[in-house]
Amino acid sequence: MKYRPTVGEILQAKGVSRRGFLKYCATTASLLALPPSMIPRIANAIESARRPSVIWLSFQECTGCTESLTRSASPTVEGLIFDAISLDYHHTLQAASGDQAEAARHAAMEENDGSYLVLVDGSIPTGNPGYSTIAGISNVDMLMDTVKGAAAVVAIGSCAAFGGLPGADPNPTGAVSVQDLVTDKPVVNVPGCPPIPMVMTAVLAQFLTFGQIPDLDKHGRPLAFFGNTIHDRCYRRPFYEQGKFAETFDDEGAKAGWCLYKLGCKGPTTYNACATVKWNQGTSFPIESGHPCLGCSEPKFWDKGGFYQPLSTGHFGSGATVAGAAVAGVALGAVAAAAGRRRKAKYTKEA
Amino acid sequence: MSTANDIPIQGGAAHGNVRPILFEVLHALDKLLDDDIPTTIDLAGLPFGPGELEKLEAALGHGELVAQLNALGTSHIRETAYPGVWWVEHRNVNDEVTGRYIEITRFPEILSSQDADIGAARARLRETFE
Ligand code: SF4
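Residues numbered from 1 in each chain as written. Chains lettered and ligands numbered in written order. Predicted model: local features only at pLDDT ≥ 70, side-chain atom pairs only at ≥ 80, totals over all residues. Heavy atoms only, no water.

1. Overview of the interface of chain B and chain A
Taken together, the contacts link 34 residues of chain B with 29 residues of chain A. Between chain B and chain A, roughly 2600 Å² of surface is buried when both sides are summed, and carbon and sulfur atoms account for 59% of that area. The largest per-residue losses of area from chain B upon contact with chain A belong to Pro47, Leu72 and Thr98 of chain B, which jointly make up 22% of the total buried on that side. One can count zero salt bridges joining chain B with chain A. Taken together, the links from chain B to chain A amount to 13 residue pairs in polar contact (both at pLDDT 80 or more). Residue assignment for the side of chain B that touches chain A shows that the elements contributing at least two residues are strand E1 (39-42), strand E3 (74-79), strand E4 (85-91), strand E5 (97-104) and helix H3 (115-129) of chain B. Grouping the amino acids of the side of chain B that touches chain A by side-chain chemistry returns 14 nonpolar, 16 polar and four charged. (Contact = heavy atoms within 4.5 Å. Buried area = accessible area lost by both parts, 1.4 Å probe. Salt bridge = Lys/Arg side-chain N within 4 Å of Asp/Glu carboxyl O. Polar contact = N/O pair within 3.5 Å; in protein donor to acceptor, adjacent residues only side chain to side chain. Helix = DSSP H or I, 4+ residues; strand = E, 2+ residues; numbered from the N terminus. Nonpolar A, V, L, I, M, F, W, Y, C, P; charged D, E, K, R; others polar.)

This is the structure in structure tokens:
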């Protein structure tokens, strides 16, 4: 077996000082939503962790997830987490192609049997196998062959996690998610269209640091990032509580930064970390830019009615309950928050 | 109006995060003085609205000491107007913020020379005599 250096050795070889390492550990603790008091434990674990092998498979997807991730993996502290994995196969990023690429995949699988991670973006067509093939291999066959010796599988993006856009009605290719096919391995879902890069990084960091996958909710999403709704953490929430809503994108309410519920915001029923982790190096998130949340990290979000229709139209889960309060324009938050808490408690119990 | 930054942000910062954090800092100062236990508050997980983080920073103000660490990008560590309360900001090599913390401690650990680096320094210095 090829020698796999520890993460400590990798950082040392890069000339990273101990102070730099502590900074790296602080970032990792933040990433994993762990309290800063955990930093010494993280430091110990990371230092001795061996570089895991990662095989990345891309199926029916738009490459947006890879874009999202690689945008975050410039030579930064978080980027070092990527340096600390061995990305042995990735269609878009690898230099090898054709038989050489497939040989690299098989070599990684053999060398790391039982311990490698498989990352998947894109849904898998189950209709005609010719809908999507790689090196003449159907997506289903490639997935099932590759996961055989995997320690865990991470479904990156809403397509891999839930079928996504290819799976939207009328689902012409018979697209399914990873968890529909892989039932004998742990599957972590990191949905989003695309997912927040930091959440993808965090799942890798967790595996790297503690050698295990994070606690998950009932949809297989890491609870640390999907334990609260956007609405739970939205800075516009006080306006929601006061019944102050923007009615159009250019009215006085919109200009004053009021709640976007009536413009179709799916924040109350959407579990994700956009409101705190934010996007574009922490600059903002859609609601901060004046656009309602689309609910892109929830299953079947494409098929849940118009993006600009309020939840009161009832397509999105608990819409009717939340909407009743919103339309009345009083004591709104209590209802959604209680529903959210109940849901969270249930997930925590199930996880 | 030429860039996104020129668009004025409206809606105020009435999100109520500043006061609870200042209370947390106050309790942490109790813990530091009475039980000698330091506290770190990770600001990453808090739902700040536009302008609110700046409000918090302004509320804590600037103190006597400022330090800059150059490791994996720049970090700024400075004591606030409240001795024992430190504002720590880590940036990566692209100057993007990767972590922001309030540390309630006598001296942030990251400022101390670390044994591993001291050991390497000793070896390097010794080599110059050989
Ligand atoms: S409905 Fe949307 S904009 Fe309004 S408070 Fe909830 S998440 Fe924020």
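Moving on from the model shown.
2. Description of the domain arrangement of chain A
Residue and element names in this part refer to chain A. For chain A, the assigned domains are domain 1 (7-225) and domain 2 (230-339). Listed by partner, the interface residues are 20 residues for domain 1 and 16 residues for domain 2. With both sides pooled, the region where domain 1 packs onto domain 2 buries about 1400 Å², and carbon together with sulfur makes up 65% of that total. Across the contact surface, domain 1 and domain 2 share one salt bridge. Mapped onto the side of domain 1 that touches domain 2, the elements with two or more residues apiece are helix H4 (64-72), helix H8 (157-162) and helix H10 (197-210). (Domains from an automatic or database assignment.)

3. Some points on the sheet that holds strand E1 (residues 53-58) of chain A
Residue and element names in this part refer to chain A. Pairing in this open sheet of five strands is parallel, and the strands run E2-E1-E3-E7-E9 from one edge to the other. Each edge of the open sheet carries a strand with a single partner, namely strand E2 (86-90) and strand E9 (187-190). Averaged over all pairs of adjacent strands, the angle between their axes in this sheet comes to 20 degrees, without regard to strand direction. When E1 meets strand E3 (residues 116-121), the two strands line up parallel, connected through five bridges. (Pairing = 2+ DSSP bridges. Axes fitted to C-alpha atoms, helices over the stretch in contact; angles between N-to-C directions.)

4. What to know about the confidence of the model for chain A
Residues and elements named next belong to chain A. Within chain A, residue pLDDT values average 82, and 83% of them lie at 70 or more. Across residues 73-77, confidence stays below pLDDT 50; counting only partners more than four residues off in sequence or on other chains, it has 13 contacts. Confidence drops under pLDDT 50 across residues 316-351; counting only partners more than four residues distant or on other chains, this segment forms 63 contacts. (pLDDT = per-residue confidence, 0-100.)

5. Side note on the nonpolar core
Residue and element names in this part refer to chain A. Ranked by internal contacts, the top residues of the largest apolar core, which has 41 residues, are Leu117, Leu119, Val154, Phe285 and Ile287. Elements with a contribution of two residues or more to this core: E1, H4, E3, strand E7 (150-156), E9, H10, helix H11 (223-226) and helix H14 (274-277). No other element matches H10, which puts seven residues into this core. Mapping this core onto the domain boundaries places at least three of its residues in each of domain 1 (7-225) and domain 2 (230-339). Each residue touching Val154, except ones within four places of it in the same chain, is listed here: Leu117, Val118, Leu119, Val120, Val188, Val190 and Val203. (Core = buried A, V, L, I, M, F, W, Y, C linked by side-chain atoms within 4.5 Å. Buried < 20%, exposed > 50% of the residue type's maximum accessible area, 1.4 Å probe, protein only.)

6. What about the site of the ligand?
All residues in the neighbourhood of the ligand are listed as His231, Cys234, Arg236, Arg237, Tyr240, Cys259, Leu260, Tyr261, Cys265, Gly267, Pro268 and Ile287 of chain A. Looking at the shell around the ligand, its residues break down into eight nonpolar, two polar and two charged. (Near = heavy atom within 4 Å.)

7. Observations concerning the environment of Ile287 of chain A
Residue and element names in this part refer to chain A. Topologically, Ile287 is positioned in the loop between H14 and helix H15 (319-328). Ile287 sits 251 residues away from Pro36 along the chain, and the two C-alpha atoms are 29 Å apart. Ignoring sequence-local partners within four residues, the contact set of Ile287 consists of Ile230, Cys234, Tyr235, Arg236, Leu260, Cys265, Pro292 and Cys293.

8. Describing the packing of aromatic side chains
Residue and element names in this part refer to chain A. With the rule as written, the count across this model stands at eight aromatic pairs over all chains. Between the aromatic rings of Tyr235 and Phe285, the centroid separation amounts to 6.2 Å while the plane-to-plane angle is 75 degrees, which identifies the pairing as edge-to-face. With a gap of 50 residues between them, Tyr235 in the loop between H11 and helix H12 (237-242) and Phe285 in the loop between H14 and H15 connect regions that are remote in the sequence. Phe285 carries the same exposure label as Tyr235, and that label is buried. Ring centres of Trp302 and Phe307 lie 5.9 Å apart, and the angle between their planes is 55 degrees; on these two criteria the pair is classed as tilted. Phe307 gets classed as partly exposed once you look at its relative accessible area, which sits at 21%. Through successive ring pairs, a cluster of aromatic residues spans Tyr240, Phe245 and Tyr261. (Phe/Tyr/Trp six-rings, centres within 6.5 Å; stacked < 30°, edge-to-face > 60°.)

9. Concerning the pattern of salt bridges
Counting across every chain of the model gives 14 salt bridges over all chains. The residue Glu252 of chain A makes a salt bridge to Lys255 of chain A at a minimum N-O spacing of 3.9 Å. Separated by three residues within a single helix, Glu252 of chain A and Lys255 of chain A lie in helix H13 (residues 252-255), roughly one turn from each other. Residue classification places Glu252 of chain A among the exposed positions, given a relative accessible area of 60%. The class for Lys255 of chain A is partly exposed, based on a relative accessible area of 43%. In this structure, Glu89 of chain B engages Arg100 of chain B in a salt bridge whose closest nitrogen and oxygen atoms are separated by 3.0 Å. Of this pair, Glu89 of chain B sits in strand E4 while Arg100 of chain B sits in strand E5, and the two are eleven residues apart along the sequence. You can call Glu89 of chain B buried: its relative accessible area is 10%.

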